[in-house]
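Summary of the model geometry
Listed here are the chains, written in short residue letters.
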Amino acid sequence: MMGVFRRSWKQVGAVRRYIFSPRGLAVLALIAVGFVLGVLIAQVWTSDGSNGDSATRSTVDAAEPTATAPQSDADSGAASDSTGSANEQAPTDSTSTGPVEDQASTTPGTGAEPGAAAPEASAEPVVVVLEQEPLSYEAALAIAAGLAPHTIYPSDCKSPLPRPDLLPNAPRAYRFGIHQGVDFLCFSLGRHAVAALDGRVVLAVGDYQDPDPDDRDELLEVASALEATPPFTLLSLYGNYVVIDHGVVPFVGHVVTLYAHLHEVDPDIRVGETIRAGERVGEIGNRGTHAAANGDFYEDPHLHWELHIDNQFLGAGLNTEQTREVYTTLFSEALG
């Protein structure tokens, strides 16, 4: 028995000597470092797992109230407990055919509130297209007769009626279009344009600057390429002009007149103000024409006058003789 004790004590002594030897101390240090690293790794691993589970649960919770897929029997009880109060308070669209959550689904991660109503889709732009058939000859003639008692001759210049090229529907090859109005040739400045009917001024351009000849030609080249006169190109060829709205005339329609190529607009003309038939609109000139673009404001002054009924010029689509008859009827009482 004593022999066993002595051997055991010798082994313990050997171990103690090994532990306190340089090699033993190094082994103990390595074990200690390994233990510390193990503890740290375990803490980090535990923390990441907890955050991940929390984030997952948070995402699932945010998505559940707006989920559109049908729930399984196992999930239905829990889902109804977590979303019931929110869905009970959610407003219902009277035109809806499904549950609120189907109309306002929430994408996880977008920050949208669960159950919030989806924004309304923007309204489609409204495009208004006026599909108008030209008036028949009989209808245009009836309109001219209806307006004749109220119409003042818009100029004291030479009558255009004998010349088809001065009337509506005459070709205007230089701009690949047709004439939409009546040209009253004046031959000199100092003549005046007057309102043909009572109305209200809706547009007045009195500071028109004629383009350089080359710039004007480039505008007309566009018309040539299109084989039609673009609307705003046509406006640029009016020079100084005034537009008067005469309102809706019974048995006629919405009546508008235009007075173009004015040398100057009367200083009393104001947009929005009323004007009486026979009141001065401006001095007749040639602004907007080829001559004016070349700096000659005295060559061929004339009044370009248009009469529009319901957004189309009177006589649109008629032949030469029909057009002449319509405008002869229109001015019959003004000319006596």
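Residues numbered from 1 in each chain as written. Predicted model: local features only at pLDDT ≥ 70, side-chain atom pairs only at ≥ 80, totals over all residues. Heavy atoms only, no water.

Right, let's get into a negative patch on the surface. Together, Asp212, Asp214, Asp215, Asp217, Glu218 and Glu221 make up a negatively charged patch on the protein surface. Inspection of the secondary structure puts Asp212 in the loop between β5 (199-205) and α6 (213-226). (Patch = residues over 30% accessible without salt bridge, like charges linked within 9 Å, V, L, I, M, F, W, Y side chains within 5 Å. Areas by Shrake-Rupley, 256 points an atom, 1.4 Å probe, with all protein chains shown as cover. Salt bridge = Lys/Arg side-chain N within 4 Å of Asp/Glu carboxyl O. Lys, Arg positive; Asp, Glu negative; His and termini not counted. Charge placed at Lys NZ, Arg CZ, Asp CG, Glu CD. Helix = DSSP H or I, 4+ residues; strand = E, 2+ residues; numbered from the N terminus.)

Turning our eyes to something else, we now look at the packing of aromatic side chains. What the rule picks out here adds up to five aromatic pairs. Relative to Phe331, the ring of Trp305 has its centre 5.6 Å away and its plane inclined at 50°; by these criteria the two rings are tilted. Taken together, the positions of Trp305 in strand β10 (residues 302-309) and Phe331 in the segment after α9 (320-330) put the pair 26 residues apart, joining distant regions of the chain. A relative accessible area of 1% means that Trp305 is categorised as buried. Here the aromatic cluster, defined as three or more aromatic residues joined through ring pairs, consists of Tyr153, Phe184, Trp305 and Phe331. (Phe/Tyr/Trp six-rings, centres within 6.5 Å; stacked < 30°, edge-to-face > 60°. Buried < 20%, exposed > 50% of the residue type's maximum accessible area, 1.4 Å probe, protein only.)

Moving on, we come to the nonpolar core. Core analysis: the largest hydrophobic core is formed by 38 residues, its most contacted members being Leu147, Tyr259, Val281, Trp305 and Tyr327. When contributions to this core are tallied by element, the ones reaching two or more residues are α5 (137-147), β3 (182-185), β6 (240-249), β7 (253-265), β9 (280-284), β10 and α9. Here Tyr327 is in contact with Leu161, Pro168, Val182, Trp305, Leu307 and Leu314, once residues within four sequence places are set aside. Judged by nonpolar contacts, the second largest core, of seven residues, contains Leu234, Tyr238, Tyr241 and Val256. (Core = buried A, V, L, I, M, F, W, Y, C linked by side-chain atoms within 4.5 Å. Contact = heavy atoms within 4.5 Å.)

This part is about the state of the cysteines. This structure, assessed with the given rule, holds one disulfide. Note that Cys157 is cross-linked by a disulfide to Cys186, the S-S spacing being 1.9 Å. For the disulfide bridge between Cys157 and Cys186, the dihedral angle about the S-S bond is near 100°, and by the sign convention the bridge is right-handed. Within this pair, whereas Cys157 is found in the loop between α5 and β1 (171-172), its partner Cys186 is found in the loop between β3 and β4 (192-194), the two being separated by 29 residues in sequence. Taking the relative accessible area as the measure of exposure, Cys186 reaches 4% and is therefore buried. (Disulfide = S-S within 2.5 Å.)

Its location among the elements puts Glu283 in strand β9. Despite its burial, Glu283 pairs with no opposite charge, the nearest such side chain being Arg280 at 4.6 Å.

Topologically, Arg172 is positioned in strand β1. Residue Arg172 is classed as buried on the basis of its relative accessible area of 15%. There is a polar contact of 3.3 Å between the side chain of Arg172 and the side chain of His179. With residues up to four places along the chain from it excluded, the contact list for Arg172 reads Asp165, Leu166, Gly177, Ile178, His179 and Asp183. (Polar contact = N/O pair within 3.5 Å; in protein donor to acceptor, adjacent residues only side chain to side chain.)

The backbone phi angle of Asn169 is positive, close to 80°, even though this residue is not glycine. Along the chain, Asn169 turns up in the loop between α5 and β1. Unusually for a residue other than glycine, Phe251 sits at a positive phi of about 65°. Judged by its relative accessible area of 88%, Phe251 is exposed.

Moving on to α5. Looking only at α5, the buried set comprises Ala140, Ile143, Ala144 and Leu147. Down the axis of α5, the smallest arc covering the buried residues is 100°, so these residues share one side. Facing away from the buried surface of α5 by more than 90 degrees, the exposed residues are Glu138 and Ala142. (Arc of directions from axis to C-beta.)

It is worth spelling out the confidence of the model for the chain at this point. In this model, the chain carries a mean pLDDT of 79, and residues with pLDDT of at least 70 account for 68%. Low confidence marks residues 52-119, where pLDDT is under 50. Its contacts with residues over four positions away, or in another chain, come to 38 contacts. This stretch, residues 125-130, has a pLDDT under 50; its non-local contacts, to residues over four places away or in other chains, come to one contact. (pLDDT = per-residue confidence, 0-100.)

On to a nonpolar patch on the surface. A cluster of nonpolar side chains, contributed by Val33, Phe35, Val36, Leu37, Val39, Leu40 and Ile41, occupies part of the molecular surface with about 670 Å² of accessible area. Within the secondary structure, Val36 sits in helix α2 (residues 22-63).

Packing of α5 against α9 brings their axes to within 7 Å, and their N-to-C directions diverge by 20°. By the criterion of interaxial angle, the relationship of α5 to α9 is roughly parallel. As α5 packs across α9, the resulting crossing turns out to be right-handed. Each of Tyr137, Ala140, Leu141, Ala144, Ala145 and Leu147 in α5 lies in contact with α9, whose residues at this interface are Gln322, Glu325, Val326, Thr329 and Leu330. When grouped by side-chain class, the residues that make up the contact of α5 with α9 number eight nonpolar, two polar and one charged. (Axes fitted to C-alpha atoms, helices over the stretch in contact; angles between N-to-C directions. Parallel < 35°, antiparallel > 145°, perpendicular 65-115°, else oblique. Left-handed = near helix turned anticlockwise from the far one by under 90°. Nonpolar A, V, L, I, M, F, W, Y, C, P; charged D, E, K, R; others polar.)

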